[in-house]
Amino acid sequence: MSLRIALCAGETSGDQLGAGLVAELRARFPDAHFAGIGGDAMRAAGLDAWFDASELAVMGLAEVLAHLPRLLRLRKAFRQRVLAFQPDVYIGIDAPDFNLGVERWLKRRGVRCVHYVSPSVWAWRESRAAKIGASADRVLCLFPMEPPIYARHAVDAVFVGHPLADAIPLQPDRAAARAALGAPDAAPVLALLPGSRLGEIERMLPVFVAAASRLRGDMPGLRVLVPAANPQCRAAITRIAGDAPGLRVLDGDAQRAMIASDVVLLASGTAALEAMLCKRPMVVGHRIAGLTYAIVRAFGLLKSAHVSLPNILAGKPLIPELLQDDCTVDGVHAALLRWFRDGDAVAALQPEFLATHETLRRDASARAADAIASLLPARA
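Nothing here was measured: the structure is a model prediction, and the numbers come from that model. (Residues numbered from 1 in each chain as written. Predicted model: local features only at pLDDT ≥ 70, side-chain atom pairs only at ≥ 80, totals over all residues. Heavy atoms only, no water.)

Draft legend 1. Structural view of the pairing of strand S4 (residues 89-93). Of all five residues making up S4, five are buried, and the element is well covered by its neighbours. Here S4 shows two buried faces, one formed by Val 89, Ile 91 and Ile 93 and the other by Tyr 90 and Gly 92. In this structure, strand S1 (residues 4-9) lies alongside S4, joined through five bridges in parallel fashion. Paired with Ile 5 across the strands is Val 89, a residue of S4. Looking at chain direction, S4 and strand S5 (residues 113-116) are connected through four bridges and run parallel. Each residue of the ladder has a partner; that of Tyr 90, found in S5, is Cys 113. Considered for its hand, the β-α-β crossover made up of S4, helix H4 (residues 96-108) and S5 is right-handed. (Buried < 20%, exposed > 50% of the residue type's maximum accessible area, 1.4 Å probe, protein only. Helix = DSSP H or I, 4+ residues; strand = E, 2+ residues; numbered from the N terminus. Pairing = 2+ DSSP bridges. Right-handed = clockwise from strand over helix to strand, strands pointing away.)

Laid out in structure tokens, this is it:
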């Protein structure tokens, strides 16, 4: 009987991680059957997708509440289907609010579980590490500071590195990226990434576009590249941005846009890590729903001094973070203008970004597959 491997990934970044993992597991176990929740990339890698990853792409406490009845119905249907599938292992990829509950339920029923991508225990309460261990038999960590935290709570955790660090060259080719996007070598270029969730785009893009328009007054000929994660995001971007001068919406191509740019403006998240790996200076601007922000502040939930991964991994403020009320047109414009005009500051970032890139470059998908394979039954 061939191996049965169930997986669940939420949103675009999880789908990409899952695709790399499925490819590596399939190389080790060619007859394995992969099924669960994923997106286009995981389907292309061989996943039998029962539900689409986009159904889990909800961010923030207030936002989750609005979708809670639907998510609870989905979780109930999904975990029953996984149990009937009788997998040799269940792999929850990111989406901790959904996956950890599914993992805990399955683990109590004898299913071996792995959680791929540690929740941010270093930012949101270290005590969560023990609870995560109650859900997963093994945690696969993308960052080196995470396994020691789990070790303090007797949880099996493995640093596998980050697949983005493997995929992006240590020295990206800006000239090739510009040529592919039709951006002249001498033109100033801003990559603008407002997020991959519609709610995020609605909150962030008006501020970002206004700041970029003001920046164009300082830098005539500025090109603004706005990658859209999917057709729905493109429609929202086009509606909000209108006919802003010099702005071009791309279908995907976020990484190429970042490499081609002089500076990146983005919402916090995986995009900040990607911009760092592309060795581009950036400004992080982020707003969450007012209720979510009020809860975070009232209960002191955020323990980290920084919110963007470049700053967290460096342990110091390499790039500006403009959060909530500080994320204004004036503030974003000033931070962008500094990067465009201060070549020494941009140059000082390069060795910092390169050192972090080398730390994270570990052939992550292969390491993750090895860590999962060691948990599978000997008949595999």
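Draft legend 2. Expanded view of the sheet that holds S1. Ordered by their spatial adjacency, seven strands build an open sheet running S3-S2-S1-S4-S5-S6-S7, and the pairing between neighbours is parallel. With partners counted over all chains shown, the strands left at the sheet margins are strand S3 (48-52) and strand S7 (157-159), one partner each. Going from strand to strand, the sheet's axes swing by 15° on average, the running direction of each strand aside. Two strands pair when backbone bridges link them, and strand S6 (residues 138-141) and S7 are joined in this way by three bridges, in the parallel orientation. By the bridge assignment, Leu 140 is partnered in S7 with Val 158. Of the strands in this sheet, S1, strand S2 (33-38), S4 and S5 touch helix H1 (residues 11-28), which is tilted by about 160° from S1. (Axes fitted to C-alpha atoms, helices over the stretch in contact; angles between N-to-C directions. Contact = heavy atoms within 4.5 Å.)

Draft legend 3. Quick peek at the pairing of strand S10 (residues 247-251). Two elements, strand S9 (residues 223-228) and S10, share five bridges in a ladder whose sense is parallel. Paired with Leu 225 across the two strands is Arg 248, which belongs to S10.

Draft legend 4. Region of the structure containing the packing of aromatic side chains. Tallied over the entire structure, the rule returns five aromatic pairs. Taken together, a centroid distance of 6.4 Å and an interplanar angle of 80° make the contact between Phe 51 and Phe 78 edge-to-face. Of this pair, Phe 51 sits in strand S3 while Phe 78 sits in helix H3 (residues 61-85); the two residues are 27 residues apart in sequence, bridging distant segments of the chain. The class for Phe 78 is buried, based on a relative accessible area of 0%. These aromatic residues form a ring-pair network of at least three members: Trp 50, Phe 51, Phe 78, Phe 85, Tyr 90 and Phe 98. (Phe/Tyr/Trp six-rings, centres within 6.5 Å; stacked < 30°, edge-to-face > 60°.)

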